[in-house]
There are 2 protein chains.
Amino acid sequence: MESAHRGKQSIEFLHRPAILSFASVAGKKEAQGPLANCFDIVSEDTTFGEKSWEKAETQMQKTALQLALDKAGMTEKDLDAAFVGDLLNQCVGSSFSMRGNGIPTLGLYGACSTMAESLLLAGMSISAGFCRRSLALTSSHFASSERQYRFPLGYGGQRTPTAQWTVTGAGAVILGQTGNGPFLRNATIGTIVDRGIKDANNMGAAMAPAAFETLRAHFDDLSLAPEDYDLIVTGDLGKLGHQIVNELFSREGVQLGTRYQDCGMMIFDLEKQDVHCGGSGCGCSASVLCGHLLGKMRRHELTRLLFCGTGALLSPLTTQQGESVPAVCHAVSIETERS
Amino acid sequence: MESAHRGKQSIEFLHRPAILSFASVAGKKEAQGPLANCFDIVSEDTTFGEKSWEKAETQMQKTALQLALDKAGMTEKDLDAAFVGDLLNQCVGSSFSMRGNGIPTLGLYGACSTMAESLLLAGMSISAGFCRRSLALTSSHFASSERQYRFPLGYGGQRTPTAQWTVTGAGAVILGQTGNGPFLRNATIGTIVDRGIKDANNMGAAMAPAAFETLRAHFDDLSLAPEDYDLIVTGDLGKLGHQIVNELFSREGVQLGTRYQDCGMMIFDLEKQDVHCGGSGCGCSASVLCGHLLGKMRRHELTRLLFCGTGALLSPLTTQQGESVPAVCHAVSIETERS
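Residues numbered from 1 in each chain as written. Chains lettered and ligands numbered in written order. Predicted model: local features only at pLDDT ≥ 70, side-chain atom pairs only at ≥ 80, totals over all residues. Heavy atoms only, no water.

Peer 1: How would you explain the packing of aromatic side chains if you had to name every residue and give the values?
Peer 2: Considering all chains together, one arrives at 10 aromatic pairs over all chains under this definition. Where A:Phe130 meets B:Phe13, the ring centres are 6.1 Å apart and the plane angle is 70 degrees; that geometry is what we call edge-to-face. One end of the pair, A:Phe130, is in the loop between helix 3 (114-127) and strand 7 (133-140); the other, B:Phe13, is in the loop between strand 2 (10-12) and strand 3 (18-26), on a second chain. Here A:Phe130 and B:Phe13 have matching classes, each one buried. A ring pair is formed by B:Phe142 and B:Trp165, whose centres lie 4.0 Å apart and whose planes are at 0 degrees; its orientation type is stacked. Taken together, the positions of B:Phe142 in helix 4 (residues 142-149) and B:Trp165 in strand 8 (residues 165-166) put the pair 23 residues apart, joining distant regions of the chain. You'll find B:Phe142 and B:Trp165 in the same group, each marked buried. Members of the aromatic cluster, joined through ring pairs, are A:Phe212, A:Phe219 and A:Phe249. (Phe/Tyr/Trp six-rings, centres within 6.5 Å; stacked < 30°, edge-to-face > 60°. Helix = DSSP H or I, 4+ residues; strand = E, 2+ residues; numbered from the N terminus. Buried < 20%, exposed > 50% of the residue type's maximum accessible area, 1.4 Å probe, protein only.)

Peer 1: A description of the interface of chain A and chain B should follow, citing residues and the corresponding values.
Peer 2: Contact residues are listed per partner, giving 70 residues for chain A and 68 residues for chain B. If you sort the residues of chain A by the area they bury against chain B, A:Gln90, A:Phe130 and A:Ile192 come out on top, with a joint share of 16%. The interface formed by chain A and chain B includes six salt bridges. Taken together, the connections running from chain A to chain B amount to 34 residue pairs in polar contact (both at pLDDT 80 or more). The element that contributes the greatest number of residues to the side of chain A that touches chain B is helix 3 of chain A, accounting for seven residues. (Contact = heavy atoms within 4.5 Å. Buried area = accessible area lost by both parts, 1.4 Å probe. Salt bridge = Lys/Arg side-chain N within 4 Å of Asp/Glu carboxyl O. Polar contact = N/O pair within 3.5 Å; in protein donor to acceptor, adjacent residues only side chain to side chain.)

Peer 1: Tell me about the relation of the copies chain A and chain B, and please be specific about residues and values.
Peer 2: In screw terms, the move from chain A to chain B is a rotation of 180 degrees and a rise of 0.0 Å along the axis, fitting with an RMSD of 0.0 Å. The transformation relating the two chain copies, once decomposed into turn and shift, fits a two-fold axis. For chain A, the smallest separation between a C-alpha atom and the rotation axis is recorded for A:Leu108, amounting to 2.0 Å. A share of 97% of the interface residues of chain A reappears at the interface of chain B, consistent with the copies meeting face to face through the same patch. (Least-squares fit on C-alpha atoms with pLDDT ≥ 70 in both.)

As C-alpha cells, this is what we get:
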C-alpha cells in the first residue's frame, strides 16, 4: 500500500477527490457585504421560518445540503458518508439537520475550522475508496452563537474592538471519485497551539499562531512555497489575526503579500458594517468557500487555492476557569486541474 | 483504486489496522465494579489532582494517552494523527488534553459513540496509508457531565429509574500499519435515528433504535450474522436499551442471546452500585474496550468482537425547546487474526 503521509503532519490525496457540487446559504447582513452576489440563497429572515435561532441554524444546513444535492442531481441515498459539525453545544445544529435523512454521519468538532476539517476527512474517505460520494457540511448563526457564547441579543452587550461578528451562513460540498473538479490535492492536519491569549474576545490573536504553524508545516512537508498558490485564505482570523500571520512570516523572511487573504475580512465591509475585526464562525469560511471561492475556481478565475480553516477551541467555561485559548488550523489545497 | 465501500453504509479495511497499544483510566466508583481489575490506572481522587472537574477530565485523557504511548514505546512525535472527542461543551476535555503536544489533531463529536467513531476514522487513516500510526482517544467524567447536562452535584438532584450513571473514565488506542493485533476488520457508519423519545433521562430507549439500525446494516452490508461474532457490545444503552435492542431483533426472528452485551451493564453492578439502568458517557465504552475487551483479545480469550458505540445527540437546550432525542451508533469489528 502506497503511503499518502507526507512530512510531519500532511497527507496527499493520491487519488484526487473531485468536487461534484457545492452550495451556500447566508443571512441578511452577509448579503449586504462585498460577496452579496455569490451566495446561492440569502434569507432576509434570519429565523429561516423557525421558532428558535438554533432551529434556524439547522434549517440553514438542510437548505445548503438540499441545494448541493440538487445541483449534483443526487438524493441523500447517493451519499455514503457525511462529515458535519457546528459551534453549538453538542453540535446540535448538525445532528438535527442530519436526523432521519438516512445518510451515514460522522460528527466533528473543530470550532471555526470545521469546513476545512470536514473537507479533509471527506477527501480521505473518497481518495481511499471508502466512499463513492461524501459530504462536508457546516454552519454558524450570529444569534445562536451570541446567546450561547456571550449574551442573548436582547441584552444589547457591548463589543470590544478586537471582537468579530459570527457569520450567519452554511456551506456544503459534495465530493466524488470522478468529475470535472476542482479537485483536492493535499492537506495538512493542525496541531493544537496555545500562546497564552486569555481574552476570549480576541480570537484572531489566539488563532493566528495556529494558522502560522500549519501553513509552515504545509510548505515544509510538501516542499511548497506561498508562490505555489494563487490564493491562500485563512478561515476567520479577522483583521488583527491576519496581520499577525503576516508578521510571523515576515520575521522568517517570507512576505505573503496580497496572495494571502482572510475569509473574515472578505465577507464583510469592515469599515461600513460595524463588525470590528471581521467575520467569524464555521459559516464564515464555509460560505466564502462555497459561495465565492469555488465559484471562481469553476470559472477558472482561480487555479490553486490553499484553504485554511482556523478554530479557537475554548468554551465559555474554560474562560471562566481562567484558561487561555487553544487554537487549531487545518489546511486543504484545491486545484482546478486533476494533475 | 480498489473500493473499500460495502453495501449501504459500511467500509472494509483492505489493509487491516493493527492495534499497537491501548490504555484505560477509571475513577473510584468504576473501580468498585465488576471490571475493577481491568483498568490500567484507577484514581481514588476523582479530581485527578486538578482544581475543577473539567480539568480532571483533561488530566484523565492525558494519562491515558501517556500510558498508551509508554506501552507502545513511543512518544507523541510517533503519532501522525489523533482522533479525539468528549461530551463537554466545545469538546474542551480533548482540546485541552492535546494542547501543545504537537500531535496533528482532528476533533470529533459523536456523544457517547465517540470511541467507536474515533477508532473508525483512525482506522481509515491507517488502512489508506494517510497515517503510519494514529490515536483514538476519549473520556467522560461523572461530575463534569452532571454539572453540564443536569445539576451541579451539590444540589443533590434525584434520578429517575431510567437514568444512567456517567462513567468517569478514559480510553486510548494507538493503531499502526503492522503489529501482532488485534486488528480492525470493517466498520459501519451510523445514520441519525430519532424515534420520538423526549425524556432526556431515558437515553437507552432513545439510542436503542440507532443501535438496531446500525447492527442490521452491518450484517446486511457485509453478509454477516450475529453468530459471526463471539461478542457484540453496544456502548452504553444500559439495561432498558439493551432489552429494546433484543426485542427489535426478536421481532425479526433474530435471537442475539448472551453473545450480545452492553458496556453500560458490564462496568457497574446494577444491583449494588445504585446506577439505575447502568453506565453511560464516552468513557464507558472507552474504558470497557481499553480496560477489559482488548485485554481479553490480547490473551486470545475473545476472537471476534463487534464494538458498537452509541450516542444520544441531544443538548440541554434541545430538550428545553421540546425536541426529541436523535441518536447514532457506529460499529467497528475487531479480530485477533489479521485474515
